[in-house]
Amino acid sequence: MADTTLTADVIAKAALASMENEIGWLGEIYRAPEEEFSKEVNGYKIGSTVNIRRPHDPRPRTGATMDLKNVIEGKVAFTVDKQIGHDFQFTSSDLALDITDLTKRVIKPAMINIIGEMARDVAEQMYQGFYNWVGTPGQTINSFSDFAKGPERLTEMSVPMADRIALLSPSDNWGMIGSQTSLFNSGLVGDAYKEGQLGRVGGVNTFESQVVPTHTNGTWDATTPLTDGDAQNVTYDTAKNTWTQTLVTDGWDASATITAGSVFTIAGVYMVNAVTKASTGILQQFVVTSAVTANATTTSDTNLTISPPIITSGPHQTVTYSGSFDGLAITPVGSASTGYKQNMMFHKNAMALAVVPLAMPEGAVGGSRQSYKGFSCRVQPVYDGLNDVSAWRLDILYGRKLIDPRLGLRISGTA
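Read on for a plain summary of the structure. (Residues numbered from 1 in each chain as written. Predicted model: local features only at pLDDT ≥ 70, side-chain atom pairs only at ≥ 80, totals over all residues. Heavy atoms only, no water.)

## Examining unusual backbone geometry
Note that the residue after serine 307, namely proline 308, is joined by a cis bond; omega there is 5°. Summarising the element assignment, proline 308 is placed in the loop between β16 (302–307) and β17 (319–320). Even without glycine at this site, alanine 231 takes up a positive phi of about 50°. By secondary structure assignment, the location of alanine 231 is in the loop between β10 (226–227) and α6 (236–239). A positive phi angle, close to 60°, is found at serine 255, a residue other than glycine. If you trace the backbone, serine 255 turns up in the loop between β11 (245–250) and β12 (257–258). The exposure class assigned to serine 255 is partly exposed, which follows from its relative accessible area of 43%. (Helix = DSSP H or I, 4+ residues; strand = E, 2+ residues; numbered from the N terminus. Buried < 20%, exposed > 50% of the residue type's maximum accessible area, 1.4 Å probe, protein only.)

If you want it as structure tokens, here you go:
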């Protein structure tokens, strides 16, 4: 290729091509289309928001008698509020480079780091909303039976079989790879042993990621927390938009911390089958969605914001229990003040990502905004005439949102 004077158009197109090649598992999750935001033609600014509908869950009637029910749909506010980019500079002679050389030396490394930060951000938000957790926290996934607990639970949760994704930390990914190399299956063993790839396992597209988050539990060491108050269940209509509720508790250590993303069970409160609403015999797990510091005495109430909401009847029922709800033992998952890798398994529609065109700055010249296959970036030159240096900024505007925490879980190995 002949040398070409580099322009913002050329650099932006090269950046998008690199982004497409390196996007990895982020390219598998639901991509919120730009048209869901607005019909603006001049790009978006931080704070542009659209409401995405939470799906209606109708129950069939039996028999001939009509049974009319209101259609109640929740909604999730999706906001593009994350701007990320990379800044670099060239001399005038640098601007007469082969774009292939520039991509290799500058653009591709920049895009790899940008995508890595986006992936970390998406994974961090996603795990904090998932309340189901299989396996034993702290144990490495190093067998098919460990891994299989994920799709098994997803099916028990009525998560669709298609478009399931697993995100594993390097130690868990390589633990699984090691367990596959002894199998009598030339194709699977070849990918695992020669290429270090798991690919599709148990109907799940499996990815390794170095940005799998670590969650650290709070400081509840010698605690024996309890539910405090009967009839703490809510209706779907009150919880449909947030999929959370307030749970009144007591018995925590004085001034103990309960971190956002911490998971617990409540004695005798069971998960129900999403279709039949019969008890699965599995204790329902709950996640704390906002960090809390317990009150100064163990007898004082501590209010937790939790998900899922405790809905005991109707088409959106989440749990079942019998007897009084007051004084039930709360058991946190994992040990206090301990960090655990947050491997995840989920349906693609659990999480949404939108990368939208960023508004061009008023008064700036020579910039370019390019979009390709649902990705968009803006490149804007800023010339330093005193030093004959061209400074360039590359920006990406995106939003991410956990749309439906019912479609995913966290997964650890077993002891």
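## What to know about the packing of aromatic side chains
Applying the stated criterion to the full structure yields five aromatic pairs. For the ring pair tyrosine 236 and tryptophan 243, a centre distance of 6.1 Å and an interplane angle of 70° mean the geometry is edge-to-face. The exposure class assigned to tyrosine 236 is buried, which follows from its relative accessible area of 6%. Ring centres of tyrosine 321 and phenylalanine 325 lie 5.1 Å apart, and the angle between their planes is 50°; this geometry places the pair in the tilted category. Under the relative-accessibility criterion, tyrosine 321 is labelled partly exposed at 21%. Look at phenylalanine 325 and you get buried, because its relative accessible area is 1%. Just above the ring of tryptophan 243 sits the side chain of arginine 406; from NZ or CZ to the centre is 4.9 Å. (Phe/Tyr/Trp six-rings, centres within 6.5 Å; stacked < 30°, edge-to-face > 60°. Lys NZ or Arg CZ within 6 Å of the ring centre and 35° of its normal.)

## A look at the side chain of asparagine 343
For asparagine 343, the position within the fold is in the loop between β19 (339–341) and β20 (344–347). With residues up to four places along the chain from it excluded, the contact list for asparagine 343 reads Ile141, Leu167, Leu168, Ser169, Asp172, Val212, Leu409, Arg410 and Ile411. (Contact = heavy atoms within 4.5 Å.)

## As for the environment of alanine 291
You can see alanine 291 is positioned in the loop between β14 (279–288) and β15 (292–293). A relative accessible area of 61% places alanine 291 in the exposed class. For the pair alanine 291 and glycine 261, spaced 30 residues apart in sequence, the C-alpha separation works out to 8.2 Å. Beyond its immediate sequence surroundings of up to four residues, alanine 291 is in contact with Ile258, Thr259 and Ala260.

## Things to note about the layout of surface pockets
Reported here for the second largest pocket is a volume of approximately 400 Å³. As for the second largest pocket, its lining consists of 17 residues, of which Gly129, Thr242, Thr244, Lys401 and Leu402 are closest to the centre. When residues of the lining of the second largest pocket are traced back to their parent elements, those giving at least two are β3 (75–80), α2 (99–129) and β24 (389–402). Counting residues per element, the lining of the second largest pocket draws most heavily on α2, which supplies three residues. Considering only residue class, the lining of the second largest pocket consists of seven nonpolar, eight polar and two charged. (1 Å grid on protein atoms, 1.4 Å probe; cavity = no way out; pocket = protein on both sides within 12 Å on 5 of 7 lines; lining within 4 Å. Points joined across faces, edges and corners; volume = space filled by probe spheres on them. Nonpolar A, V, L, I, M, F, W, Y, C, P; charged D, E, K, R; others polar.)

## Describing the side chain of threonine 227
For threonine 227, the position within the fold is in strand β10. Look at threonine 227 and you get buried, because its relative accessible area is 1%. In terms of polar contacts, threonine 227 uses its side chain to reach the backbone carbonyl oxygen of phenylalanine 325, at 2.5 Å. Polar contacts involving the side chain of threonine 227 include one to the main-chain amide nitrogen of leucine 328, which spans 2.9 Å. Apart from the residues within four sequence positions on either side, threonine 227 is in contact with Gln232, Val248, Thr249, Ile266, Phe325, Asp326, Gly327, Leu328 and Ile330. (Polar contact = N/O pair within 3.5 Å; in protein donor to acceptor, adjacent residues only side chain to side chain.)

## Here's the deal with the nonpolar core
Across soluble globular proteins, nonpolar side chains have a tendency to be buried as a group. Core analysis: the biggest nonpolar cluster contains 63 residues, and Trp25, Leu26, Ile29, Met118, Phe147, Phe346 and Ile396 have the highest contact counts within it. Counting residues per element, this core draws most heavily on α2, at twelve residues. Residues contacting isoleucine 396, with those up to four places away along its chain left out, are Met19, Lys82, Gln83, Ile84, Met111, Ile114, Val355, Ser376 and Cys377. In terms of nonpolar packing, the next biggest core, distinct from the first, is built from 20 residues, Ala256, Val319, Leu328 and Ala336 among them. (Core = buried A, V, L, I, M, F, W, Y, C linked by side-chain atoms within 4.5 Å.)

All quantities given are derived from atomic positions and should not be read as evidence of function.
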